[in-house]
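A closer look at the structure
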Amino acid sequence: MGLTAFGRERIATLPTPLHDLANLSRELGGPRIVIKRDDLTGLAFGGNKTRKLEYLLADAQVQSATHLITAGGIQSNHVRQTAAAARLGGMQAALVLTEDNPEPDVQGNYLLDLMLDADCHIIPSSADSTAKMEELAADLRDAGHVPYVIPVGGSSPVGALGYVSAMLELNNQLWEQGIHASRLYHAAGSGGTQAGVVLGSALYGGGYDVIGVAVSGTADDKIARCAELTAETAALLGTENPPGADDVSVDDTQVGEGYGIPTEATLEAMKTLALTEGIFLDPVYTGKAFAALLADVRSGAIGNDETVVFLHTGGTPALFAKRAELAPII
Ligand SMILES: Cc1ncc(COP(=O)(O)O)c(C=O)c1O
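Let us look at the structure shown here.

Thresholds, definitions, all that
Residues numbered from 1 in each chain as written. Predicted model: local features only at pLDDT ≥ 70, side-chain atom pairs only at ≥ 80, totals over all residues. Heavy atoms only, no water. Helix = DSSP H or I, 4+ residues; strand = E, 2+ residues; numbered from the N terminus. Rg over C-alpha atoms; globule rule 2.2 N^0.38 Å. Buried < 20%, exposed > 50% of the residue type's maximum accessible area, 1.4 Å probe, protein only. Contact = heavy atoms within 4.5 Å. Core = buried A, V, L, I, M, F, W, Y, C linked by side-chain atoms within 4.5 Å. Pairing = 2+ DSSP bridges. Axes fitted to C-alpha atoms, helices over the stretch in contact; angles between N-to-C directions. Expected span 1.5 Å × (residues − 1). Phe/Tyr/Trp six-rings, centres within 6.5 Å; stacked < 30°, edge-to-face > 60°. Lys NZ or Arg CZ within 6 Å of the ring centre and 35° of its normal. Near = heavy atom within 4 Å. Polar contact = N/O pair within 3.5 Å; in protein donor to acceptor, adjacent residues only side chain to side chain. Areas by Shrake-Rupley, 256 points an atom, 1.4 Å probe, with all protein chains shown as cover.

A tally of regular secondary structure across the chain gives 11 helices and 10 strands. A compact globule built from 330 residues should have a C-alpha radius of gyration of about 20 Å, and the chain, at 19 Å, falls within 12% of that. By its C-alpha atoms, the chain is 60 × 50 × 35 Å across when sized along the principal axes. Per-residue burial for the chain yields a buried fraction of 56% across its 330 residues. Pairs at least 24 residues apart make up 79% of the contacts formed inside the chain by residues separated by at least 6 positions.

Let us now look at the nonpolar core. Ranked by internal contacts, the top residues of the largest apolar core, which has 31 residues, are Leu68, Met91, Leu95, Tyr148 and Leu237. Elements with a minimum of two residues in this core: helix H2 (49–62), helix H3 (77–88), strand E4 (92–98), helix H6 (157–176) and helix H8 (219–237). Residues Val213, Met270, Leu293 and Val308 belong to the second largest nonpolar core, which totals 28 residues.

Across the sheet, six strands lie side by side as E1-E2-E10-E7-E8-E9; this open sheet has mixed pairing. Each of the sheet's edge strands pairs with one partner strand only, and the pair in question is strand E1 (18–20) and strand E9 (249–251). Mean inter-strand twist for the sheet, computed between neighbouring axes without regard to direction, equals 30°. Looking at chain direction, strand E7 (residues 183–188) and strand E10 (residues 307–312) are connected through three bridges and run parallel. Paired with leucine 184 across the two strands is valine 309, which belongs to E10.

Okay, helix H10 (residues 286–298) next. Its 13 residues give H10 an end-to-end C-alpha distance of 18 Å, which sits within 8% of 18 Å, the value for a rise of 1.5 Å per residue. Counting buried positions along H10 gives 11 out of 13 residues, so the element sits mostly inside the fold. Listed in full, the buried residues belonging to H10 are Thr286, Gly287, Lys288, Ala289, Phe290, Ala291, Ala292, Leu293, Leu294, Asp296 and Val297. Remark: glycine 300 follows H10 within two positions and exhibits a positive phi of approximately 85°.

Turning our eyes to something else, we now look at the packing of aromatic side chains. Given two aromatic rings, their pairing is described by the distance between the two centres and the angle made by the two planes. Under the definition given, this model contains two aromatic pairs. Here phenylalanine 290 and phenylalanine 310 contribute two aromatic rings whose centre-to-centre distance is 4.8 Å and whose plane-to-plane angle is 80°, an arrangement assigned as edge-to-face. Residue phenylalanine 290 is located in helix H10, and its partner phenylalanine 310 is located in strand E10; the two are separated by 20 residues in the primary sequence. In this pair, the class of phenylalanine 290 matches that of phenylalanine 310, namely buried. For arginine 51, the ring lying beneath its charged end belongs to tyrosine 163, and the centroid distance is 5.7 Å.

Around the ligand lies a shell of 16 residues, among which Lys52, Gly189, Ser190, Thr193 and Thr313 are the nearest. Within the backbone of glycine 192, one N or O atom sits 3.4 Å away from an oxygen atom of the ligand. Within the contact set of the ligand, a nitrogen atom lies 2.6 Å away from a side-chain nitrogen or oxygen of threonine 313. Computed on the free molecule, the ligand has an accessible area of 380 Å², of which 97% lies beneath the protein chains in the complex. Counting residues per element, the ones that place at least two in the shell around the ligand are H2, E7 and helix H7 (192–203).

Limitation: the analysis is restricted to geometry and does not speak to function.
Dropping the structure here:
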């Protein structure tokens, strides 16, 4: 079964631009670097989750869902885009937000969730967000509604289809612009983006190595999760001989103290891209991914004759909630 057999709600502004970072390449005295602007997918300040939500929303509609339920941290980009997607689908959003401060700052993504009138449930970070989502779903069913539960990060096989189709879009742009890329870097969290990217570039002949840059955890865990999700997504599509764990690369050198904690290199990467190209990264995901790319340019691991793609997955609304962390670069 091909990708076109799956329902898709066109809620993203596509294709997203693919363009050179010429000032940055010049400043680094390094390779050609092109950026795929999935921070500009359009919906509610954009980001990678909107591509996943195109397929998830369509699946929810087939099931006549009245509510989308999902979970994430208080500054989750996925949660914010899901709350907006629910609005486009004529549904309500119920959100489980993990946060230890019971009265968090109304800032960044959380502020946008509230503007979208999402039903927000704040639980401590030690609590089980999946169980809380199931509890909300049961309450909604009892009240005669039809909830559709989206796992953290939208990382289900249906969600990963968004990045399978993104690779078709990217590979067409590379071909049209005559670009022969050798590598693609992107931030890896719950694994759905990388599963779609790995499967899509295998299906549509990307010809470049995909490097998922871990924003938390270890490379081994991310590889195992990505391979599992790649296999499930391939099964959904009916793809034979899908890529396995040996075909998945994860760089975990930028994790630092963990999820949501930027390192010095994260901040330096954010500042460098802002000053050379006027493009903002975020301190949780894309700053770490871009730091990995810069480290590989500076160490010579990426040769000057190569062309590298950076997939910008968004996350910029979180900037406004992270003033303290950003203090060293403002
Ligand atoms: C800005 C940004 N980049 C990257 C990711 C990682 O995507 P995935 O969870 O599919 O690995 C996320 C996930 O929330 C994100 O918000």
